[in-house]
Structures are given as structure tokens and as C-alpha cells.
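Report on the structure
One letter stands for each residue in the lines below.
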Amino acid sequence: MFLKIKFTLIIPILFSIISSCENDIEQVQVFTEKNNLAIETGKTIQMNYTDSGYLKARVYAPLMERYANDEKNYTEMKKGLTAYFFNRKRKVESYLHSKYAIRYDREKRMVARNDVVLVNIKGDTLNTEELFWDENTQRIYSEKAVRITTPTEIIMGEGFESSTEFDKYKIFKIKGTISLKK
């Protein structure tokens with residue numbers, strides 16, 4: 001009798017424990033899906049981009065994660081990047097820094113975000129929150145608010161386009177120009 005009562009009490013307790021352990025299938029799939037895992041992760045990374053044997057850019061990142069599968073192929077730099085753009089004589093023409101960046105490998109396009117700073121050899125400085133680099137056309141551009149500071153003026157606008165050297169540029173929807181006098 002004692003065994004029968006004990007068995008009768010244990011069955012409902014076990015059933016309630018087992019039924020209370022519930023996992024959301026979608027959450028489990030997100031964590032276990034191979035497509036969401038980086039195939040490469042590196043710290044203190046240096047990447048060189050070349051074209052026809054010429055060094056075009058050198059990119060440094062404290063953390064890089066590469067993702068690749070049938071649907072997506074990109075490299076993410078969650079802790080930002082620093083990039084140097086070179087001319088054919090291997091001299092630095094411009095410098096880029098941002099707190100976040102992502103490179104879409106198949107499209108050969110990079111997006112820098114969060115406190116983006118671009119400086120050319122003349123000392124002109126571009127500040128924006130988002131900047132695109134199209135490696136195929138060697139163009140950089142933004143559709144966000146931009147501020148360019150030169151030795152003589154500060155120009156503000158909405159949108160920007162330039163070569164990677166940042167020597168000749170266009171600012172769209174100029175909102176103001178401030179002349180700096182010494």
C-alpha cells in the first residue's frame with residue numbers, strides 16, 4: 001500500500017516537472033542555426049585590398065567576424081575600423097575611422113557607421129554618421145548629414161560624394177558655409 005501511494009505521488013510530480021520545461025522552437029533554432037555563426041573571427045586584424053597588383057587600401061580592425069553562406073557573405077567589424085587609402089605610388093591619400101563597419105564581400109561595398117571621420121592629405125576632414133565605400137568604382141559617399149572642415153571653412157550639407165582620395169568632392173543640399181579667418 002505504501003509503495004502504491006508513493007508511486008501515485010511520484011507520477012504527477014514527474015509529469016509536472018517535465019511539462020514545465022518548455023523551449024520555444026524558434027529560439028532554439030536561432031541559437032543552433034549554422035548560418036548565424038561567424039565562420040571566422042579575428043582580433044587585431046589587418047586586411048589589404050589590391051587592384052591590378054596595386055595596394056588600394058589597408059584596413060585595421062580590433063575585432064572582425066566573417067559570415068558566409070548561400071544567402072549572405074559579409075565581414076562585420078563591430079568595434080570599428082581604421083582604413084588608409086593609397087595612390088599608385090603607395091602613398092596614403094586619405095584616412096578613415098569609424099566605430100562600426102560592415103563589408104559586403106560579394107558586392108565589394110563597405111559601410112562605416114557611428115562617428116565616421118575621413119581625412120585627406122590636405123587636412124580636410126569629413127564628419128558623418130554613415131559613409132559608403134564602393135570598391136568597384138573607388139567612390140565614397142553618404143546620404144546623411146556631413147560636415148567638412150578645411151583650413152579656411154566649414155561646410156555642412158546633406159549628402160556627399162568623392163573619390164577614395166577625398167581630394168575632389170561634392171556636397172549635396174548645402175546647409176551652410178562658415179569662413180574661418182586667422
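Our structure is the block above this text.
Remember, predicted model here, so these are calculated numbers, not experimental data.

Brief notes about the overall build of the protein chain
Tallying secondary structure elements over the protein chain gives two helices and twelve strands in all. Moving toward the C terminus, one meets the helices and strands of the protein chain in the order α-α-β-β-β-β-β-β-β-β-β-β-β-β. Here the protein chain, with 182 residues, has 37% of them falling under the buried criterion. Long-range pairs, those at least 24 residues apart, make up 35% of the contacts in the protein chain between residues at least 6 apart in sequence. As displayed, the protein chain has an accessible area near 12100 Å², and 55% of this comes from carbon and sulfur atoms.

Topic: the packing of aromatic side chains
For the structure shown, the criterion picks out ten aromatic pairs. Aromatic side chains phenylalanine 132 and tyrosine 141 sit 5.1 Å apart centroid to centroid with 10° between the ring planes, which places their arrangement in the stacked category. Using a relative accessible area of 12% as the deciding quantity, one classes phenylalanine 132 as buried. Note on phenylalanine 160 and tyrosine 169: the rings are 6.2 Å apart at their centroids and 40° apart in plane angle, and the pair reads as tilted. Phenylalanine 160 sits in the buried class, given a relative accessible area of 1%. A relative accessible area of 24% means that tyrosine 169 is categorised as partly exposed. Taken together, the aromatic side chains of Tyr49, Phe85 and Trp133 make up a single cluster linked through ring pairs. Over the face of the ring belonging to tyrosine 54 we find arginine 88, whose NZ or CZ atom lies 4.1 Å from the ring centre.

Quick look at unusual backbone geometry
Here glutamine 138, not a glycine, exhibits a phi torsion of approximately 55°, which is positive. With respect to the helices, strands and loops of the structure, glutamine 138 is situated in the loop between strand E8 (125-134) and strand E9 (139-149). The phi dihedral of lysine 173 falls on the positive side, at around 50°, and the residue is not glycine. Following the sequence through the fold, lysine 173 ends up in the loop between strand E11 (169-171) and strand E12 (176-179).

Comments concerning the environment of asparagine 120
Relative to the assigned elements, asparagine 120 resides in strand E7 (residues 109-120). Once the C-alpha coordinates of asparagine 120 and serine 94 are considered, the two residues, 26 residues apart in sequence, prove to be 4.2 Å apart. Setting aside residues no more than four positions away along its own chain, asparagine 120 makes contact with Glu93, Ser94, Glu165, Phe166 and Asp167.

Overview of the pattern of salt bridges
A complete count under the given rule lists nine salt bridges for this structure. Between lysine 99 and aspartate 115 there is a salt bridge; the shortest N-O distance is 2.8 Å. In this pair, lysine 99 sits in the loop between strand E5 (92-98) and strand E6 (100-104) while aspartate 115 sits in strand E7, placing the two residues 16 residues apart along the sequence. The class for aspartate 115 is partly exposed, based on a relative accessible area of 38%. A salt bridge links glutamate 135 to arginine 103; the nearest nitrogen and oxygen atoms lie 2.7 Å apart. Of this pair, glutamate 135 sits in the loop between E8 and E9 while arginine 103 sits in strand E6, and the two are 32 residues apart along the sequence. Grouping residues by exposure puts glutamate 135 and arginine 103 together as buried.

What counts as what
Residues numbered from 1 in each chain as written. Predicted model: local features only at pLDDT ≥ 70, side-chain atom pairs only at ≥ 80, totals over all residues. Heavy atoms only, no water. Helix = DSSP H or I, 4+ residues; strand = E, 2+ residues; numbered from the N terminus. Buried < 20%, exposed > 50% of the residue type's maximum accessible area, 1.4 Å probe, protein only. Contact = heavy atoms within 4.5 Å. Areas by Shrake-Rupley, 256 points an atom, 1.4 Å probe, with all protein chains shown as cover. Phe/Tyr/Trp six-rings, centres within 6.5 Å; stacked < 30°, edge-to-face > 60°. Lys NZ or Arg CZ within 6 Å of the ring centre and 35° of its normal. Salt bridge = Lys/Arg side-chain N within 4 Å of Asp/Glu carboxyl O.

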